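Structural characterization, general
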Amino acid sequence: QVHLVESGGGLVQAGGSLRLSCAASGGTLGAYTMGWFRQAPGKEREFVAAISWSGDSTLYADSLKGRFTISRDNAETALYLQMNSLQPEDTAVYYCAQSRRGVGPSIRSIMYEYWGQGTQVTVSS
């Protein structure tokens, strides 16, 4: 079992940027597909981005392409989400997730077995 911990959330003005990080309590994320999801108040959790274990393949929600970038470091110690040109509608709790099913990046939350507790991102207008 892995314990995922997100960090980097906070309050930012519209147009600003934030970089979220996700680390595993055991030290490494391992060679597994990782993803970011978010949940805004009163809405269902939605897919943001995902990355393969090697980092060679990425997948983004269509509405976020060009503004958000997912990456992971070569030492497999952290997952990142760079968020630029943030808008109030990006306000949500952001979760990192891990899939150990041996699949590539997926938009389906059911494919991810392990989840962090989330980090709040608030974008003011």
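About the cut-offs
- Residue indices begin from 1 for each chain and proceed along its sequence in written order.
- pLDDT decides what is reported in this predicted model: residues at 70 or higher carry local features, side-chain atom pairs at 80 or more are listed and counted, and totals for whole chains, interfaces and linings draw on all residues regardless.
- Heavy atoms from the whole structure form the basis of all side-chain values; hydrogens and water molecules are not counted.
- The criterion for strand pairing is that DSSP finds at least two bridges linking the strands in question.
- Secondary structure counts use DSSP, requiring at least four H or I residues in a row for a helix and at least two E residues in a row for a strand, with both numbered from the N terminus.
- For helices, the axis comes from a line fit to the C-alpha atoms of the stretch in contact; other axes are also lines fit to C-alpha atoms, and the angle between any two N-to-C directions lies between 0 and 180 degrees.
- Any carboxyl oxygen of Asp or Glu that lies within 4 Å of a side-chain nitrogen of Lys or Arg is treated as forming a salt bridge with it.
- When accessible area is computed with a 1.4 Å probe and restricted to protein chains, residues below 20% of their type maximum are described as buried, those above 50% as exposed, and intermediate ones as partly exposed.

Spatially, the four strands line up as an open sheet ordered S1-S3-S8-S7, and their pairing is antiparallel. Whereas interior strands pair on both sides, the edge strands pair on one side only; in this sheet they are strand S1 (4-7) and strand S7 (68-72). On average, each strand axis in the sheet is tilted by 15 degrees relative to the strand beside it, whichever way the strands run. Across five bridges, S7 lies against strand S8 (residues 78-83) in antiparallel orientation. Looking across to S8, one finds that Ile-70 is bridged to Leu-81.

Looking now at the pattern of salt bridges. All chains considered together, the criterion is met by five salt bridges. In this structure, the salt-bridge partner of Glu-46 is Arg-38, at a minimum N-O distance of 2.5 Å. On the accessibility criterion, Arg-38 (7% relative accessible area) is buried. Between Lys-65 and Asp-62 there is a salt bridge; the shortest N-O distance is 3.4 Å. Residues Lys-65 and Asp-62 agree in their burial class; the two are exposed. If you follow the salt bridges from partner to partner, you end up with Arg-38, Glu-46, Arg-67 and Asp-90 in one network.

Here we take up the pairing of strand S3 (residues 18-24). The element S3 is extensively covered by neighbouring structure, given that five of its seven residues are classed as buried. In this sheet, S3 lies alongside S1 in antiparallel orientation, the contact comprising four bridges. Counted as the bridge partner of Ser-7 is Ser-21 from S3. Pairing geometry for S3 and S8, over six bridges, is antiparallel. Each residue of the ladder has a partner; that of Ala-23, found in S8, is Ala-78.

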